[in-house]
Amino acid sequence: SHTYGPTFRKMRERAGLSQQKVATALGYQTGQFLSNLERGRAAPPVRILPSLSFLYGVPLTKMMYVAAQIENQKLRNRVGVLSRKDRAIISKRLD
């Protein structure tokens, strides 16, 4: 499966910003959250998407799309605990 975390890293790097600078701008004390985001382990809270969009110089719609893909990926990983019928319904909605 595709991981969208590195897309956030690429956007940050294209903007010429370090994880720490972005973290500070967003009010975080360390870059750990961004590290998790860039490794695909976390999706950004919706409230920071406009700030990331501004900092990285990318359209907000692109930022929202990438965040949604991370959430969909996490959901796909959890779907395995559901019944076959429920998995089929959810998989259809995710595609």
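As shown above, the structure is provided for reference.
Quantities reported herein were computed from a predicted structural model and do not represent experimental measurements.

A. Up close: the pattern of salt bridges. If you walk through the whole model with that rule in mind, you get two salt bridges. We note a salt bridge from Arg9 to Glu13, for which the minimum N-O separation is 3.1 Å. One end of the pair, Arg9, and the other, Glu13, are both in helix 1 (residues 5-14), four residues apart, so they sit about a helical turn from each other. Among the salt bridges present, the one from Arg12 reaches Glu38, with a minimum N-O distance of 2.6 Å. Of the two residues, Arg12 is situated in helix 1 and Glu38 in helix 3 (residues 32-38); the sequence distance between them amounts to 26 residues.

B. Molecular detail of the side chain of Arg12. With a relative accessible area of 8%, Arg12 lands in the buried category. Within the structure, Arg12 has its side chain in polar contact with the backbone oxygen of Leu17 (distance 2.8 Å). Apart from residues lying up to four places away in sequence, Arg12 is in contact with Leu17, Ser18, Gln19, Val22, Glu38 and Tyr56.

C. Geometry of the packing of helix 4 (residues 49-56) against helix 5 (residues 60-78). Between helix 4 and helix 5, whose axes approach to 9 Å, the crossing angle comes to 120 degrees. As far as their axial angle goes, helix 5 and helix 4 are oblique. In this structure, helix 4 meets helix 5 at a crossing whose hand is right-handed. Note on element contacts: helix 5 touches helix 4 through Leu60, Met63, Met64 and Ala67, opposite Leu49, Pro50, Leu52, Ser53 and Tyr56. Broken down by class, the residue content of the contact of helix 4 with helix 5 amounts to eight nonpolar, one polar and no charged.

D. The arrangement of the nonpolar core in detail. Of all hydrophobic cores here, the largest spans 19 residues; its most connected members are Phe8, Met11, Leu34, Leu37, Leu52, Tyr56 and Met63. Of all the secondary-structure elements, those providing two or more residues to this core are helix 1, helix 2 (19-26), helix 3, helix 4 and helix 5. Examining the composition of this core, we find that four residues originate from one element, helix 5, more than from any other. Beyond its immediate sequence surroundings of up to four residues, Tyr56 is in contact with Phe8, Met11, Arg12, Ala15, Leu17, Val22, Leu34 and Met63.

Reading the values: the criteria
- Residues numbered from 1 in each chain as written.
- Predicted model: local features only at pLDDT ≥ 70, side-chain atom pairs only at ≥ 80, totals over all residues.
- Heavy atoms only, no water.
- Salt bridge = Lys/Arg side-chain N within 4 Å of Asp/Glu carboxyl O.
- Helix = DSSP H or I, 4+ residues; strand = E, 2+ residues; numbered from the N terminus.
- Buried < 20%, exposed > 50% of the residue type's maximum accessible area, 1.4 Å probe, protein only.
- Polar contact = N/O pair within 3.5 Å; in protein donor to acceptor, adjacent residues only side chain to side chain.
- Contact = heavy atoms within 4.5 Å.
- Axes fitted to C-alpha atoms, helices over the stretch in contact; angles between N-to-C directions.
- Parallel < 35°, antiparallel > 145°, perpendicular 65-115°, else oblique.
- Left-handed = near helix turned anticlockwise from the far one by under 90°.
- Nonpolar A, V, L, I, M, F, W, Y, C, P; charged D, E, K, R; others polar.
- Core = buried A, V, L, I, M, F, W, Y, C linked by side-chain atoms within 4.5 Å.

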